[in-house]
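Residues per chain are reported as follows:
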Amino acid sequence: MTALIIFEKPKQARTVCKVFGQGVQDKKTHLVIPHNEIIGTNAIAVWAIGHLVQLSQPDAYDKKYKEWKLEHLPIIPERFTYQVIKDKEAQFNIVKKWVHDPSIRTIIHAGDPGREGSLLVDELLILYSNKKPVKRLWSTSLAPAAVTKAFANMKDNSHYIGHVRSGMARSYSDWIIGLNLTRLMSISIMDSLEDEHKRTFKNQLFPVGRVQSALLSIIYQRQLEIEQFESVPYWDVSIEYEVGGELLKAKWYRKNKTKKDEHFYIKEQAQVMADYFRGKPVTIEAVKREKKLVRPPRFYNLDAIQMKANRLYGFAPSEVLNILQQLYLKSLISYPRSSPKVVTKEEEKSFPLILQHLNELNEYKDHLPAPRTDISDDKRYVDDGGVDDHYALILTEEKPNLAELTANERKLYHLIAESMILAHYPDAVYEEMEVIASIEKRFLFVTKGRRLIEPGWKLLSQEEDEENNDAVTLPSVKEKQTGTTSKSLLTEGKTHPPALFTLGSLIGVMENAASHVPKKEKERLKSDQLSLGTVATRATVIENLVDRDLITTIKNKVHVTPKGKVLMRALGTTAFVCSPLATGQMEKTLDDIGEGKADIKDLMKNVKEDTAKLIERITKERETWDFSGELEDEVKNKQIGRCPLCQKDVIDKGKFYGCSGYSSNGCDFTLPKTYLTKTITVKQAQNILDKGQTPLMKGFKRPNSELKPVDGYLQYDKEKKKLRLMKHHNLK
């Protein structure tokens, strides 16, 4: 009897199959595994390359849908079908051949441990009409010991059917929403634009998606809030007074009032108060001292490490995930797409060996062995009830060779290693002190301070506390002591708008979208039911917004592009796809479907109805749209980077990107907005200016050419003053 193991990716297959020893033969298209004790038989290992199939395009249901027309909408297939992704047909057939091979008696599903990994392999088995028994390999680590254990504990694939149902529900609903509403908005917006602006957005779509539009709406509303914000000056009053030979500085405040009420918004009023306090007797009304324990940071999940790495190193969330994936494939960390921040008691048993391996590295030996050797009873880190199919992001028992890692891999490896070491250190202990003083029993003043008594984990980490970072050590004073005001001071400030989001903070927004939903609307829902996407998809959603030129980043600050603003103004922030509430509820329903608590038919009924209503509304409203004024100001004269020839600003001139120095120094640097039928987005143009080339772009093709499209990188040739396509040779 021969088993067939189907993996998600070739590198994953080769890593896992190392547990079968030296006898494994690599045939390039598959691996031949000799009989072994781990699975009790010989085997063949094959792999997908990500998803090999996708839901069929509309013209597969009716050829008329090849043409984009409003009267076709909504397009709702009676029954969804699949089609092989064009450039993956060969791999699809390789896997199919082995599934149908008569020597194969059983199949082992070895997709990633999660909803999409389950769907990826199961949808292939469905299309192959597989009737053979299927076991599921579920391992959250690629370390040999963990893989061997996972093979020993395989369950029947039907045990994980909930993941597949949830994945299919997600796929069907996203198809209906994304395909219909992208066609709706692309047709409607382009019909509404003047000719000049139609040329600006030629060959571009205005994409709509269940999660991405809700996130774009939050970013858009934050930007509107900032643009419409009017800063107001204010003045704070503070005093300096002497008690028992000690000098204290205290700020005036109003008891039981908001922070806003502590300010004066008319300078003359503040000055009157400051003058009144000068020279007045002061009495200390209360002195509060308490010890505060600050626990070591929790373990990371994917969201947390994406936010941290963006703050520390400027990494985009997708970049963090890619780096973590490489560490995972090298068997150095657990499965990265995880949401818990705790591990099970069983996983905690591996910690002593992991810390021992770290102790043998120069980078960590000064910090180990740690003061605490056992954290198994500390629920901040070890909690069987706090995990799902995965657990926190931790190191594996594999001994690392840091010299073999890239610089960026070492940075993320260090963050995870540090979190595990710090968990074995004691709490930091502070003494916090607050002194309340009064003038005439009517006017209250507060002074706060703190001092570190026991550093604990702070010896190793510069991690900031959440509050009181600017507090100072206070002198020893007692209640009822009196003194006299020696100075009264006015400090001027001004109100500030909320900050722009960063790529890292967007992960936090998606993780907890509840803070962007009106209080009345979310009364019956928990915060964790109002998240956008999942830990596995959030980085991709953000990356898609950038790639589709709906948002851009300048010094890690996120801005909505003119294209994104047009889309949001057309959709309206009240549309169901723009609502974090609706999106979060749908994500909760998908989870319920996976757990057997909800029916996919009910979800699809709601999705179809909501989509049809939005199509009806937009079809009526589109006649009244006018974006010309905004686009005139926004699309032109927007700075996107520095000129590589003269270092002046490069600006978006509407039809192309050009150097602002043309009128002053004659610099003729330009970048086109299309190249070999591919649109060059603002983000891609910024990559050319900042890094010398774009990321990999797919589908370059000469107009009207029958040659196969090619992929490559665009670079700017300073000598020839033009773009060139690098790394592919099919273009002639």
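The structure displayed is predicted, hence computed values, not measured ones. (Residues numbered from 1 in each chain as written. Predicted model: local features only at pLDDT ≥ 70, side-chain atom pairs only at ≥ 80, totals over all residues. Heavy atoms only, no water.)

### A short note on the pairing of strand β25 (residues 710–717)
Regular strands have side chains that alternate between both faces of the sheet. Here β25 lies mainly inside the structure; 6 of its 8 residues are buried. Direction of pairing for strand β24 (residues 697–700) relative to β25: antiparallel, over a ladder of 2 bridges. Looking across to β25, one finds that F700 is bridged to V710. In the sheet, β25 pairs with strand β26 (residues 722–726) via 5 bridges, with the strands oriented antiparallel. From the neighbouring strand, Q715 faces β26, where its bridge partner is R724. Counted between consecutive antiparallel strands, the loop separating β25 from β26 contains 4 residues, among which K721 sits at a positive phi close to 55°. (Buried < 20%, exposed > 50% of the residue type's maximum accessible area, 1.4 Å probe, protein only. Helix = DSSP H or I, 4+ residues; strand = E, 2+ residues; numbered from the N terminus. Pairing = 2+ DSSP bridges.)

### Brief notes about the pattern of salt bridges
In the structure shown here, the tally under the stated rule is 40 salt bridges. Across the pair K69 and E67 runs a salt bridge whose closest N-O atoms are separated by 3.9 Å. E67 gets classed as partly exposed once you look at its relative accessible area, which sits at 47%. Between E227 and K565 there is a salt bridge; the shortest N-O distance is 3.0 Å. In this pair, E227 is assigned in helix α7 (residues 212–227) and K565 in helix α16 (residues 562–571), connecting sequence segments 338 residues apart. Judged by its relative accessible area of 45%, E227 is partly exposed. Overall, the relative accessible area of 5% leaves K565 in the buried class. (Salt bridge = Lys/Arg side-chain N within 4 Å of Asp/Glu carboxyl O.)

### Considerations on the nonpolar core
In terms of nonpolar packing, the biggest core is built from 74 residues, with I5, F151, L324, L358 and Y413 touching the most fellow members. For this core, the leading source of residues is helix α13 (residues 407–422), giving 8 residues. Sequence-distant contacts of I5, that is, excluding residues within four places in its chain, are made with F20, I33, A43, I44, A45, V46, I108, A110 and F151. With 71 residues, the next largest nonpolar core counts A169, L216, L603 and I615 among its residues. (Core = buried A, V, L, I, M, F, W, Y, C linked by side-chain atoms within 4.5 Å. Contact = heavy atoms within 4.5 Å.)

### A word on the sheet that holds strand β14 (residues 443–454)
If you trace the 6 strands once around the closed barrel, you get β10-β11-β14-β13-β12-β15, paired in antiparallel fashion. Averaged over neighbouring strand pairs, the angle between their axes works out to 35° when direction is ignored. Direction of pairing for strand β11 (residues 246–253) relative to β14: antiparallel, over a ladder of 3 bridges. Along β14, the bridge assignment pairs Y253 with L444. Here helix α8 (residues 267–277) sits on the sheet in contact with β10 (233–243), β11, β13 (428–439), β14 and β15 (482–494), set at roughly 165° to β15. (Axes fitted to C-alpha atoms, helices over the stretch in contact; angles between N-to-C directions.)

### What to know about the confidence of the model for the protein
Chain-level pLDDT for the protein is 89 on average; 94% of the residues reach the 70-or-more range. Highest mean pLDDT in the protein belongs to strand β8 (residues 134–136) (97); lowest belongs to helix α19 (residues 628–634) (60). This model gives residues 466–470 a pLDDT under 50, and the stretch forms 5 contacts once residues within four places in sequence are excluded. (pLDDT = per-residue confidence, 0-100.)

### Here's the deal with the sheet that holds β24
Strand pairing within a sheet occurs via backbone hydrogen bonds; the two strands may be parallel or antiparallel. The strand order β24-β25-β26 describes an open sheet built from 3 strands, whose pairing is antiparallel. Each of the sheet's edge strands pairs with one partner strand only, and the pair in question is β24 and β26. Neighbouring strand axes in the sheet, compared pairwise and without regard to direction, differ in orientation by 55° on average.

### Let's talk about the packing of aromatic side chains
Tallying each qualifying case throughout the model produces 20 aromatic pairs. Both rings, one in W138 and one in Y160, keep their centres 4.7 Å apart while their planes meet at 5°; by these two values the pair is stacked. Of this pair, W138 sits in the loop between β8 and α4 (144–152) while Y160 sits in the loop between β9 (155–156) and α5 (161–192), and the two are 22 residues apart along the sequence. Of the residues examined, W138 reaches a relative accessible area of 16% and is grouped as buried. Between Y313 and F315 the ring centres are 5.4 Å apart and the planes differ by 40°, which places this aromatic pair in the tilted class. Three or more aromatic residues link up through ring pairs in this structure, and these residues are Y61, F80, Y172 and W175. The ring centre of Y160 lies 5.8 Å from the NZ or CZ of R136, which sits over that ring. Directly above the ring of Y430 sits R450, whose terminal nitrogen or CZ lies 3.7 Å from the centroid. (Phe/Tyr/Trp six-rings, centres within 6.5 Å; stacked < 30°, edge-to-face > 60°. Lys NZ or Arg CZ within 6 Å of the ring centre and 35° of its normal.)

### Things to note about helix α15 (residues 538–547)
Among the residues of α15, R538, A539, V541, I542, L545 and V546 are the ones counted as buried. One face of α15 carries all of its buried residues, which in axial projection span an arc of 165°. Buried-residue contacts for α15 involve α7, α9 (302–313), α10 (317–329), α14 (503–511), β16 (551–554) and α21 (682–691). Looking at the residues trailing α15, positive phi occurs at D549, about 60°. (Arc of directions from axis to C-beta.)

### Focus: empty space enclosed by the protein
Applying the stated criterion to the full structure yields 4 cavities of 30 Å³ or more. Its volume calculated, the largest cavity comes out at about 110 Å³. Along the walls of the largest cavity sit 15 residues, with F201, D549, D652, K673 and V682 positioned nearest its centre. Of the residues in the lining of the largest cavity, the class split is 6 nonpolar, 5 polar and 4 charged. Quantified by volume, the second largest cavity comes out at close to 80 Å³. Surrounding the second largest cavity, 13 residues form its lining, Q12, A110, L137, S139 and L142 being those nearest its centre. Class assignment of the residues belonging to the lining of the second largest cavity gives a composition of 9 nonpolar, 3 polar and 1 charged. (1 Å grid on protein atoms, 1.4 Å probe; cavity = no way out; pocket = protein on both sides within 12 Å on 5 of 7 lines; lining within 4 Å. Points joined across faces, edges and corners; volume = space filled by probe spheres on them. Nonpolar A, V, L, I, M, F, W, Y, C, P; charged D, E, K, R; others polar.)

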